Amino acid sequence: MPEIKVTPLGAGQDVGRSCILVSIGGKNIMLDCGMHMGYNDDRRFPDFSYIVQNSRLTDFLDCVIISHFHLDHCGALPYMSEMVGYDGPIYMTHPTKAICPILLEDFRKITVDKKGETNFFTSQMIKDCMKKVIPLNLHQTVQVDDELEIKAYYAGHVLGAAMVHIKVGSESVVYTGDYNMTPDRHLGAAWIDKCRPDILISESTYATTIRDSKRCRERDFLKKVHESIERGGKVLIPVFALGRAQELCILLETFWERMNLKAPIYFSTGLTEKANHYYKLFITWTNQKIRKTFVQRNMFEFKHIKAFDRSYADNPGPMVVFATPGMLHAGQSLQIFKKWAGNEKNMVIMPGYCVQGTIGHKILNGQRKLEMEGRTTLDVKLQVEYMSFSAHADAKGIMQLIRMAEPRNMLLVHGEAVKMEFLKGKIEQEFSIDCYMPANGETTTITTNPSVPVDMSLSLLKREMALGGPLPDPKKPRTMHGTLIMKENSLKLVSSEQALKELGLNEYQLRFTCRVQLQDPHSDVDTLHRIYTHLKNVLKGYTIQHLPDSTVMVESIVIKVTSSAEDSSTKVLLLSWSYQDEDLGSYLSSLLKKGLPSGLC
């Protein structure tokens, strides 16, 4: 039987370093190629030696697909293509292709130029890697080769994020990447066809969370920011450059306007301009409201939010600063956090998920003394708040997507093991499908039952209905008799008359014959009558006739009796039937081989 194999090289029972290997119909596809924010050693990148030891990945992979521009999904791409070695096609959407190299270069600067790390990709490698990218449009079917095709669907989450439907023959897989089932202030909700894939590979970051109403969260967020500003404190909001940052900027901009507040709001230098540029360029990827009002007013041009200079961090008085990155693991957000951590008036609001090992994860777990680089200790006195504006689907959203796509199997990645286990149970209970959650390096093999689509001629369908059968129920199998013909790579079931006409062939009747020896002392005529009586008793619901030409007919099966020349009590039964009654013919020959019961008239 054909099978699909799925092996996470990253994000198996873990968040970060997303990299899923799928083998389907003899094709090998890599889904995402991310890095782990919580590690600074070899564990940062996926273990590509699992695929090949000393040769290039091009020899093994048919294509690579990147779901969106977040570094935990694309951060290892230049390392994989330029340092390990891959020359094949890399697919991603237009916005991802535009934004991905900027974030990769920002991260390279932090890692190499500031921290001085080696064994890392260069600026030139990023450029060379991006030359291999083929952009995807939503809902456009792309033929990777003669057999492999892919199609992208809107995923919400961040600008340009896409889910992807992968198909080889009749086998298919859907990979969600990160997605959001609820629309927000700047993006729409994820959507996919009822494509019924063999496997749906879904992220499960918030596997056990059902979020409260978005309006309540927004109100709490504004209240906390306002209270901190009123008491003269500074508010740090660590964000990633694109995504939640724009969402919260729109929220604060509207609130500042309404409340006529004067405290300054700042955003990391350079990134606002870049973000603005891309949101203008890819306005079709935003939600309906922003697209409608864009001509009158660009929601991403802010009156109250100004570019940040690092010297502002020491300014007296209240302020709000959006700084990157979002998990406090490096960069400007970490620098500001170090400066403000010692003052209890100040506040840090973590608006998204933080990977284990990052400063963000540590302070959210209540750690108040942090060991920094150079063995220095940082006392955390500021207020730490967690408010989930994360654009990931919660448990309710994941269930919603399953109802939408109707997969035959489910596979969870990009989540914590304990929470995944809970969701796995819920999915299996509610949908009665198998759900898997492999760890990194562990392969899940799913056997598929490929269905071959066959068109059916209207005349054949009408004939079947005319025979008195009920209308076909699409959910129940039904046997249909016809001739299967292949034309231009598609199959069609037609009546035998139509098949002969279309193919220009002559009709021949094919019948099967079988001889059965029987011991019976009666005359041939009496033996035939006894056979007729026996069959009438055994075969209820079948048309059985004793014909004047000394034959018995059961449906299309003809039975004749002759005596053996050597012994008149040895009868030779000749059975003949058409191919439609092959099963019944075989049954009758077996039945008559057992002989006739005594006492038959």
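Above this note sits the structure.
Okay, so let's go over this structure. (Residues numbered from 1 in each chain as written. Predicted model: local features only at pLDDT ≥ 70, side-chain atom pairs only at ≥ 80, totals over all residues. Heavy atoms only, no water.)

**Let's talk about the sheet that holds strand β5 (residues 90-93)**
Reading across from one edge, β6-β5-β4-β3-β2-β1-β22 is the order of the seven strands in this open sheet, with mixed pairing throughout. The open sheet terminates on both sides in strands that have one partner only, identified here as β6 (133-136) and β22 (444-447). Put simply, the sheet's adjacent strands are angled 25° from each other on average, direction ignored. Here strand β1 (residues 3-10) pairs with strand β2 (residues 19-24) via six bridges, running antiparallel. Paired with Thr7 across the two strands is Leu21, which belongs to β2. (Pairing = 2+ DSSP bridges. Helix = DSSP H or I, 4+ residues; strand = E, 2+ residues; numbered from the N terminus. Axes fitted to C-alpha atoms, helices over the stretch in contact; angles between N-to-C directions.)

**Description of the packing of aromatic side chains**
Taken as a whole and assessed by the stated rule, the structure comprises 16 aromatic pairs. When the centroid spacing of 6.4 Å and the interplanar angle of 25° are considered together, the rings of Phe512 and Trp577 count as stacked. Residue Phe512 is found in strand β26 (residues 511-519), and its partner Trp577 is found in strand β30 (residues 570-578); the two are separated by 65 residues along the sequence. The exposure class of Phe512 is partly exposed, given its relative accessible area of 30%. With a relative accessible area of 6%, Trp577 lands in the buried category. Members of the aromatic cluster, each reached through a chain of ring pairs, are Phe45, Phe48, Tyr79, Phe107, Phe120 and Phe121. A cation over a ring is seen here: Arg44 above Phe45, with NZ or CZ 5.9 Å from the ring centre. (Phe/Tyr/Trp six-rings, centres within 6.5 Å; stacked < 30°, edge-to-face > 60°. Buried < 20%, exposed > 50% of the residue type's maximum accessible area, 1.4 Å probe, protein only. Lys NZ or Arg CZ within 6 Å of the ring centre and 35° of its normal.)

**Some words on the environment of Ile99**
Its place among the elements puts Ile99 in helix α3 (residues 94-114). On the basis of relative accessibility, which here comes to 1%, the residue Ile99 falls in the buried class. In this structure the C-alpha to C-alpha distance between Ile99 and Lys274, which are 175 residues apart in sequence, comes to 8.9 Å. The residues contacting Ile99, other than those within four sequence positions of it, are Phe69, Leu159, Leu242 and Tyr278. (Contact = heavy atoms within 4.5 Å.)

**Brief notes about the pairing of strand β25 (residues 490-494)**
Within a regular strand, the side chains alternate between the two sheet faces. Both strand β23 (residues 454-456) and β25 contribute to a ladder of three bridges, which runs parallel. Note that in β25 the partner of Val454 across the bridge is Leu491. Relative to β25, strand β24 (residues 483-487) is paired through five bridges, and the arrangement is antiparallel. Paired with Leu484 across the two strands is Leu493, which belongs to β25. Taking the residues that link successive antiparallel strands as the turn, the β24-β25 hairpin has two residues, and the phi of Glu488 there is positive, at about 50°.

**Considerations on unusual backbone geometry**
Residue Thr324 is joined to Pro325 through a cis peptide bond whose omega torsion reads -5°. Among the secondary structure elements, Pro325 is positioned in the loop between β15 (319-323) and α9 (331-340). Non-glycine residue Glu406 carries a positive phi angle of around 50°. By the element assignment, Glu406 lies in the loop between α11 (395-405) and β20 (409-413). For Glu406, a relative accessible area of 32% corresponds to the partly exposed category.

**Observations concerning the nonpolar core**
In terms of nonpolar packing, the biggest core is built from 131 residues, with Leu31, Ile201, Phe337 and Ile363 touching the most fellow members. Here this core takes seven residues from α3, the largest share from any one element. Taken domain by domain, the makeup of this core includes at least three residues from each of domain 1 (3-210 + 391-447) and domain 2 (214-386). Discounting residues that sit within four places of it in the chain, Phe337 has contacts with Leu236, Leu328, Val348, Ile359, Ile363, Leu370, Leu378, Val380 and Leu382. (Core = buried A, V, L, I, M, F, W, Y, C linked by side-chain atoms within 4.5 Å. Domains from an automatic or database assignment.)

**Quick notes on the sheet that holds β26**
Sheets are built from strands paired through backbone hydrogen bonds, the pairs being either parallel or antiparallel. The sheet built from five strands is open, its strands ordered β26-β30-β29-β28-β27 with antiparallel pairing. Pairing within the sheet leaves two strands with one partner each, and these edge strands are β26 and β27 (544-547). Each strand of the sheet is rotated relative to its neighbour by a mean of 20°, with strand direction disregarded. Relative to strand β29 (residues 557-563), strand β28 (residues 551-554) runs antiparallel, the two sharing three bridges. Bridge pairing in β29 places Val552 opposite Ile559. Each of β26, β27, β28, β29 and β30 touches helix α15 (residues 524-538); the most contacted strand, β29, lies at about 145° to it. Strands β26, β28, β29 and β30 of the sheet are contacted by helix α16 (residues 582-593), whose axis makes an angle of about 170° with β30.

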